[in-house]
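Structural characterization, general
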Amino acid sequence: MSNLQRIYQLHRILASRTVPVPHHMLEEHLECSRATVNRTIESLRLYFNAPILYDRERNGYYYDRSAGENGLFELPGVWFDAQELHALLTMQQLLEQIQPGLLGMQLKPVRERLKKILAAQFPGGTAAINRIRILSMMGRQSALRYFQPVASALLQRKQLDITYHSRSRDRQTERTVSPQRLTHYRDNWYLDAWCHKRDALRSFAVERIAACQVRDCAARDIADSELNAHFASSYGIFAGQAKHTAVLRFSAECARWVADEQWHPHQQDQFLLDGRYELRIPYANETELVMDILKHGAAVEVIAPEALRQTILQNLQQAQENYLPKRKEK
């Protein structure tokens, strides 16, 4: 039985009794020595603020019924075994490192509680946090100033007034939107929403929101089927109904990596007789797809459609020109 298991077992014993439990009975139930029982009692007091009192006359321990709500003390949270606890710590580290400062104050009590539980279960357990290394590459490390009001409006089903600066058009606009979903994509957060100005579904990068105000108006709800058709049917973050299907062929060597990747929920793939890997991907906007194809260089060939093939060819030719000797001006 681990330290944490003994703590929870001790809690169950004390919570189920209305009279002090003798020390020898605790030793029997916990299957441990007197010293271990004492350490377990101190851990329950120290890490969980348990109101354990000692009755000298009966030589037993009991919960102070006046200390908890409705006269009962409950352990915070739910039961975690070792693997679940480590997974929670890893998830906490993931969020903290991908978005530094995001929900920091809100997560702090949870993080501190997890540290205490880990310390109670494993010697030097809090050092495990330093063994988790997460590398976030190419993510835009922008301050998500309005993440919390956006998330609040989303969950409360309220409309939002936002001032939004578009990178592609380099201009700022005022919008009233009904939040539908928050999407974390490639280390960045996006708000999928119904735009009342455009009378259509749109995606907004949360870090590009320059001002935000929650309105006291109910948000318009869009059916999941419509949201999926608009946001999930195309390729990447670019929304819209898929109109084209890209046919890509990867070299046999590259296939060992690409075959394990999911480029699209509705992709179709197969290995060819010569070991190459063929991938079919639906898309509406080719922008993001082109970037993902180009990063594989000579290891991939676009078979169809012809327009996408020409776009890749033009990009490769333009890239080649950057490395050709420049003509000297006379």
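Residues numbered from 1 in each chain as written. Predicted model: local features only at pLDDT ≥ 70, side-chain atom pairs only at ≥ 80, totals over all residues. Heavy atoms only, no water.

Focus: the environment of Thr163
So the rule is basically this: Note on conventions: DSSP H or I runs of at least 4 residues are helices, E runs of at least 2 residues are strands, and numbering of each starts at the N terminus. Exposure categories follow from relative accessible area, calculated using a 1.4 Å probe and restricted to protein chains: below 20% of the type maximum is buried, above 50% is exposed, and the middle band is partly exposed. A contact between two residues is defined here by any heavy atoms of the two lying within 4.5 Å. N or O atoms within 3.5 Å of each other form a polar contact, as long as, within protein, one can give a hydrogen and the other can take it, and as long as residues adjacent in sequence are counted only when both atoms are side-chain atoms.
Within the element layout of this structure, Thr163 appears in strand S4 (residues 158-166). Residue Thr163 is classed as buried on the basis of its relative accessible area of 10%. For Thr163 and Cys212, which are 49 residues apart along the polypeptide, the C-alpha to C-alpha distance reads 6.5 Å. For Thr163, the contacting residues outside a window of four places in its chain are Gln172, Thr173, Glu174, Arg208, Ile209, Ala210 and Ala211. For Thr163, the side chain forms a polar contact with the side chain of Glu174, separated by 2.8 Å.

With respect to the sheet that holds strand S8 (residues 209-218)
This is how the line gets drawn: If DSSP finds at least two bridges between two strands, the strands pair. As a rule, the C-alpha atoms of each element are fitted with a line to give its axis, helices using only the stretch in contact, and angles between N-to-C directions run from 0 to 180 degrees.
With antiparallel pairing, the five strands of this open sheet are ordered in space as S7-S6-S5-S4-S8. Each of the sheet's edge strands pairs with one partner strand only, and the pair in question is strand S7 (200-205) and S8. For this sheet, the mean angle separating the axes of adjacent strands, direction not counted, is 45 degrees. One ladder, built from six bridges, connects strand S6 (residues 188-195) with S7; its direction is antiparallel. Note on S7: the bridge partner recorded for Tyr190 is Ala205.

What about helix H3 (residues 34-48)?
Defined as follows: Working rule for helices: expected span equals 1.5 Å times residues minus one. In this description, the arc belongs to the directions extending from the helix axis to the C-beta atoms.
The end-to-end C-alpha distance of H3, which contains 15 residues, comes to 21 Å, matching closely the 21 Å that a straight helix rising 1.5 Å per residue would cover. Turning to H3, its buried residues number three or more, namely Thr36, Val37, Thr40, Ile41, Ser43, Leu44 and Phe48. Summarising the axial view, the buried residues of H3 lie within an arc of 160 degrees, below the 170-degree limit, and thus occupy one face. Exposed and facing more than 90 degrees away from the buried side of H3 are Arg39 and Leu46.

Concerning helix H2 (residues 23-30)
Within an α-helix, residues lying three or four positions from one another point in the same direction, as the helix has 3.6 residues per turn. Of the positions making up H2, those classed as buried are His23, Leu26 and Leu30. Down the axis of H2, the sector holding all buried residues measures 55 degrees, keeping them to one side. Turning to H2, the residues buried within the fold contact helix H1 (3-15), strand S1 (21-22), H3 and strand S3 (60-63). Just downstream of H2, Glu31 is the residue with a positive phi angle, here 55 degrees.

So, the layout of surface pockets
Applicable threshold: With a 1 Å grid laid over protein atoms only, a set of points is called a cavity when a 1.4 Å probe fits there but cannot get out and a pocket when it is open yet has protein on both sides within 12 Å along at least five of seven lines; lining residues have an atom within 4 Å of a point. Grid points are joined across faces, edges and corners, and a volume is the space filled by probe spheres set on the points. Each residue receives one of three labels: charged for Asp, Glu, Lys and Arg, nonpolar for Ala, Val, Leu, Ile, Met, Phe, Trp, Tyr, Cys and Pro, and polar for the others, Gly being one of them.
Put simply, the largest pocket is a space of about 1200 Å³. Along the wall of the largest pocket there are 30 residues; nearest its centre are Tyr164, Ser168, Tyr190, Ile237 and Phe238. Within the residue set of the lining of the largest pocket, elements represented by two or more residues are S4, strand S5 (171-185), S6, S7 and helix H9 (287-294). Sorting elements by how many residues they give to the lining of the largest pocket places S7 first, with five residues. Counted by class, the lining of the largest pocket contains 12 nonpolar, seven polar and 11 charged residues. In this structure, the second largest pocket encloses a volume near 460 Å³. If you go around the second largest pocket, you meet 20 residues; those closest to its centre are Tyr185, Tyr235, Gly236, Ile237 and Trp263. Put simply, the parts of the chain that give the lining of the second largest pocket at least two residues each are S5 and helix H7 (224-232).

Details of the environment of Ala232
Residue placement: Ala232 occurs in helix H7. Spatially, the C-alpha atoms of Ala232 and His264 are 8.6 Å apart, while their sequence positions differ by 32 residues. Discounting chain neighbours no more than four positions away, the residues touching Ala232 are Leu227, His264 and Pro265.

Digging into the side chain of Gln159
Along the polypeptide, Gln159 turns up in strand S4. Engagement of the side chain of Gln159 in a polar contact is seen with the backbone oxygen of Ala218, the distance being 3.1 Å. Residue contacts for Gln159: discarding those within four places in its chain leaves Thr176, Val177, Ser178, Pro179, His196, Gln213, Val214, Arg215, Cys217, Ala218 and Ala219.

Here's the deal with the packing of aromatic side chains
Basically, it comes down to this: Only centres within 6.5 Å qualify two rings of Phe, Tyr or Trp (six-membered ring in Trp) as a pair; their planes then separate them into stacked at under 30 degrees, edge-to-face at over 60, and tilted for everything else.
Applying the stated criterion across every chain, the model contains seven aromatic pairs. Plain terms: the ring middles of Tyr8 and Phe48 are 6.5 Å apart, the flat faces sit at 75 degrees to each other, and that makes the pair edge-to-face. Of this pair, Tyr8 sits in helix H1 while Phe48 sits in helix H3, placing them 40 residues apart in sequence. Assessed through its relative accessible area of 3%, Phe48 is described here as buried. Considering the side-chain rings of Phe147 and Trp189, the 5.0 Å spacing of their centres and the 65 degrees angle between planes classify their relative orientation as edge-to-face. Of this pair, Phe147 sits in helix H6 (residues 147-156) while Trp189 sits in strand S6; the two residues are 42 residues apart in sequence, bridging distant segments of the chain. Here Phe147 and Trp189 have matching classes, each one buried. Following the ring pairs from residue to residue traces out a cluster consisting of Phe250, Trp263, Phe271 and Tyr277.

Some thoughts on the pattern of salt bridges
What counts here: Any Lys or Arg side-chain nitrogen located within 4 Å of an Asp or Glu carboxyl oxygen qualifies as a salt bridge.
For the structure on display, the rule yields 13 salt bridges. We note a salt bridge from Arg157 to Asp221, for which the minimum N-O separation is 2.6 Å. One end of the pair, Arg157, is in the loop between H6 and S4; the other, Asp221, is in the loop between S8 and H7, with 64 residues separating them in the sequence. Among the residues examined, Arg157 registers a relative accessible area of 24% and is labelled partly exposed. Given the relative accessible area of 56%, Asp221 is considered exposed. Among the salt bridges present, the one from Asp216 reaches Lys158, with a minimum N-O distance of 3.4 Å.

Shape descriptors only; they carry no functional weight alone.
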